[in-house]
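Close look at the chain arrangement
Given next are the chains, with one letter for each unit.
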Amino acid sequence: MSASASVDCREMITFLADYLANEVPFARRRLFEAHLRICDSCVEYLKTYEETIRMTRVATQVEVEEMPEELVKAILDATLRR
Amino acid sequence: MSEAVLAVGCWVLAVHRPKPRIREHPAPSTRLHSLIRLVLTSLLPMGPSNDEASLVSRLQSGDNAAFEELVRVYGPRLLRIARRMMQSEEDARDAVQDAFVSAFKSIGKFEAGSQLSTWLHRIVVNAALMRLRSKRRRPEEDIEDYLPRFQEDGHQVESSVAWNESADTMIERAELRDLVRSSIDHLPETYRVVLLLRDIEELAADEVAKILGITTNAVKVRLHRARQALRAMLDPHMRAHAR
């Protein structure tokens, strides 16, 4: 990360994951926040980036209430009944 | 006394979840959250339950009925994980079978005091990864095509705009869930695996690094690129569903 007195979109987006994980040093974080106050495009990028993470979790949620009986049988055959 | 502290702590955690803030520094709420979590962690009972300890003991003594119990009790959880990671039901079931065969062989090495569910989680993740690696996948997308581009002055070449869809609306929309899943499947394997383990299985970066044999920094870089690429794949569809 460069030590310049401001950040641009490139730096904001390159280090976005670190920013969201609170892993950007305090002084630099202030500059990221200053950039977000003036850049609507980066604000939208940040929001849609976070939404992508949430969508990933929701889309991959699967419910399994009980084991399919044929799978139980296959596992027991492959172990106990060898 | 500890019950009262526990109740208050749970309530504060429930109503005071730290959210990434855009326009101000979030450190105080995050620190408070960490502190409460620390207090709760010290109050909550840790380690396996008596039932689990008893099951482990029976498993280690070679009790076949205990193994069947293990399969029936923990199987659904393992199948859920495998279904998230694999692209077909058949592959998911094969991964679960591999995992239980592996658990059966290595139950003797299971250390007392460990969590059985955590141990099995790691085994099924590894079994799924082995299967993923052994499968020849279709030609992959080049991730560079999906990363944001910048002008010489550092501005984005294409401005980002708001989406009209969210994870909340997606719950009701099967086609959106399918779109997200198929987009994840189109990520290059090295990136997809990191996204699966970090954002879906929610393993720590250093644990993913250990499983994949790469550095923690490489995990972070790949995760960020995978999220960016996935975001870019979804972007045209999320904008298109204007209300």
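One can find the structure itself at the top, above this paragraph.
Computed from a predicted structure; not experimentally measured. Numbering of residues begins from 1 in every chain and follows the order in which that chain's sequence is written. To label them, take the chains in the order written and letter them from A, then take the ligands in the order written and number them from 1. At least 70 in pLDDT is required for a residue's local features to be given in this predicted model, at least 80 for side-chain atom pairs to be given and counted, and no such filter applies to totals for whole chains, interfaces and linings, which use all residues. Values reported for side chains reflect all heavy atoms of the structure, with hydrogen atoms and water molecules removed beforehand.

Attention shifts here to the overall build of chain A. Numbering of helices and strands runs from the N terminus, with a helix taken as a DSSP run of H or I at least four residues long and a strand as a DSSP run of E at least two residues long. When helices and strands are counted, chain A shows five helices and zero strands. Listed by position from the N terminus, the elements making up chain A come as α-α-α-α-α. The C-alpha atoms of chain A give 23 Å as radius of gyration, which overshoots the globular expectation for 82 residues (12 Å, by more than 25%). Each principal axis of the C-alpha atoms in chain A carries an extent, and together these give about 70 × 25 × 20 Å. Here chain A, with 82 residues, has 52% of them falling under the buried criterion. In chain A, the proportion of contacts linking residues at least 24 apart, taken out of those at least 6 apart, comes to 52%. Based on C-alpha atoms, the radius of gyration is set beside the globule rule, defined as 2.2 Å times the residue count to the power 0.38. Three exposure classes are used, based on accessible area relative to the maximum for each residue type with a 1.4 Å probe and protein chains only: buried under 20%, partly exposed in between, and exposed over 50%. Here a residue-residue contact requires only that any non-hydrogen atoms of the pair lie within 4.5 Å.

All names here are of chain B. Helix length check: helix H8 (residues 174–185), at twelve residues, gives a terminal C-alpha distance of 16 Å against a target of 16 Å (1.5 Å per residue), a fit within 8%. Of the positions making up H8, those classed as buried are Leu 176, Leu 179, Val 180, Ser 183 and Ile 184. Looking straight down H8, one finds that the buried residues subtend no more than 130° of arc, so they occupy a single side. By definition here, a helix of n residues has an expected span of 1.5 Å times n minus one. Comment: arc refers to directions from the helix axis out to C-beta atoms.

Turning to the environment of Gln60(B), a few remarks are in order. Residue and element names in this part refer to chain B. As for its placement among the helices and strands, Gln 60 is situated in helix H3 (residues 50–60). Taking the relative accessible area as the measure of exposure, Gln 60 reaches 38% and is therefore partly exposed. Measuring from C-alpha to C-alpha, the distance between Gln 60 and Phe 104 comes to 9.3 Å, with 44 residues separating the pair along the chain. Once you skip the residues sitting within four places of it in the chain, Gln 60 turns out to touch Ile 107, Gly 108 and Phe 110. N or O atoms within 3.5 Å of each other form a polar contact, as long as, within protein, one can give a hydrogen and the other can take it, and as long as residues adjacent in sequence are counted only when both atoms are side-chain atoms. A polar contact is formed between the side chain of Gln 60 and the backbone oxygen of Phe 110, at a distance of 3.0 Å.

Glancing now at the packing of helix H3 (residues 26–38) of chain A against helix H4 (residues 40–59) of chain A. All names here are of chain A. In this description, a line fitted to the C-alpha atoms serves as the axis of each element, helices being fitted only across the stretch in contact, and the angle between N-to-C directions of two axes falls anywhere from 0 to 180 degrees. One way to put it is that H3 packs onto H4 with a least axis distance of 5 Å and a crossing angle of 110°. The angle between the axes of H3 and H4 places the two elements in the roughly perpendicular class. Across from His 35, Leu 36 and Ile 38 in H3, the residues of H4 making contact are Asp 40, Cys 42, Val 43 and Leu 46. When residues are sorted by character, Ala, Val, Leu, Ile, Met, Phe, Trp, Tyr, Cys and Pro go into the nonpolar class, Asp, Glu, Lys and Arg into the charged class, and all the rest, Gly among them, into the polar class. Class assignment for the residues of the contact of H3 with H4 results in five nonpolar, one polar and one charged. Any angle that is under 35 degrees is reported as roughly parallel, and any over 145 degrees as roughly antiparallel; angles of 65 to 115 degrees are reported as roughly perpendicular and all others as oblique.

Right, let's talk about the interface of chain A and chain B for a bit. On the side of chain B, 62 residues touch chain A, which itself brings 55 residues to the contact. Accessible-area loss on putting two parts together, using a 1.4 Å probe and summing over both, is the definition of buried area adopted here. Summed over the three residues of chain A that lose the most area to chain B, namely Tyr45(A), Met55(A) and Val64(A), the buried surface amounts to 12% of that side. We count a salt bridge whenever a side-chain nitrogen from Lys or Arg sits within 4 Å of a carboxyl oxygen from Asp or Glu. Summed over the shared surface of chain A and chain B, the number is five salt bridges. Across the salt bridge formed by Lys220(B) and Glu23(A), the nearest N and O atoms sit 3.2 Å from each other.

Moving on, we get to the pattern of salt bridges. Note that side chains of opposite charge can pair when their charged atoms are close. Inspection of every chain in the model, using the stated rule, returns 28 salt bridges over all chains. Between Arg57(A) and Glu202(B) there is a salt bridge, with its nearest N and O atoms 3.8 Å apart. Taken together, the residues Arg57(A) in helix H4 and Glu202(B) in the loop between helix H9 (189–200) and helix H10 (205–212) connect one chain to another. Residue classification places Arg57(A) among the partly exposed residues on the basis of a relative accessible area of 31%.

As a further point, take the packing of helix H6 (residues 116–134) of chain B against H10(B). Helix-helix packing is characterised by the crossing angle of the two axes and by the distance between the axes. Residues and elements named next belong to chain B. Between H6 and H10, the least distance of the axes is 12 Å, while the angle of their chain directions is 50°. By the angle between their directions, the pair H6 and H10 is classed as oblique. As for how H6 packs across H10, the hand of that crossing is right-handed. Residue-level inspection shows Arg 122, Val 125, Asn 126, Leu 129 and Arg 133 of H6 in contact with H10, the latter providing Glu 207, Ile 211 and Leu 212. By definition, turning the near helix anticlockwise from the far helix through less than a right angle yields a left-handed crossing, and turning it clockwise yields a right-handed one.

For the rest of this paragraph, the subject is the nonpolar core. Membership of the largest hydrophobic core comes to 73 residues, with the highest contact counts inside it found for Val96(B) and Leu197(B). Setting aside anything within four residues of it in sequence, one finds Leu197(B) in contact with Met85(B), Val125(B), Leu129(B), Glu202(B), Leu203(B), Val208(B), Ile211(B) and Leu212(B). Residues belong to a common nonpolar core when they are buried Ala, Val, Leu, Ile, Met, Phe, Trp, Tyr or Cys residues joined through side-chain atoms within 4.5 Å. Counting 18 residues, the second largest nonpolar core, distinct from the first, contains Ile13(A), Ala17(A), Phe32(A) and Leu36(A).

So, on to helix H4 (residues 64–85) of chain B. Residues and elements named next belong to chain B. Its 22 residues place the ends of H4 29 Å apart at the C-alpha level, agreeing with the 32 Å of an ideal helix rising 1.5 Å per residue. Of all the bends found along H4, the most pronounced is centred on Gly 75 and spans about 50°, while Pro 76, a proline, follows it within four residues. A distance of 2.9 Å separates the backbone nitrogen of Ala 65 from a side-chain oxygen at the start of H4, and that oxygen is part of Asp 63. The angle between axes fitted to the seven-residue stretch ending at a residue and the seven-residue stretch beginning at it gives the bend at that residue.

By convention here, two paired aromatic rings are described through the distance between centres and the angle between planes. All names here are of chain B. A pair of aromatic rings is counted whenever rings of Phe, Tyr or Trp (Trp by its six-membered ring) have centres within 6.5 Å, and the orientation is called stacked for planes under 30 degrees apart, edge-to-face for over 60 and tilted otherwise. Under the criterion given, the structure shown has five aromatic pairs over all chains. Measuring from ring centre to ring centre gives 5.1 Å for Phe 110 and Trp 119, while their planes differ by 70°; the resulting arrangement is edge-to-face. Comparing Phe 110 with Trp 119, the two get one shared label, buried. Through successive ring pairs, a cluster of aromatic residues spans Phe 67, Phe 100 and Phe 104.

Further remarks concern the environment of Gly113(B). Structurally, the position occupied by Gly113(B) is in the loop between helix H5 (89–106) and H6. Along the sequence, Gly113(B) and Asn217(B) sit 104 residues apart, while their C-alpha atoms lie 31 Å from each other.

Scope: geometric values only; no functional claims are made or implied.
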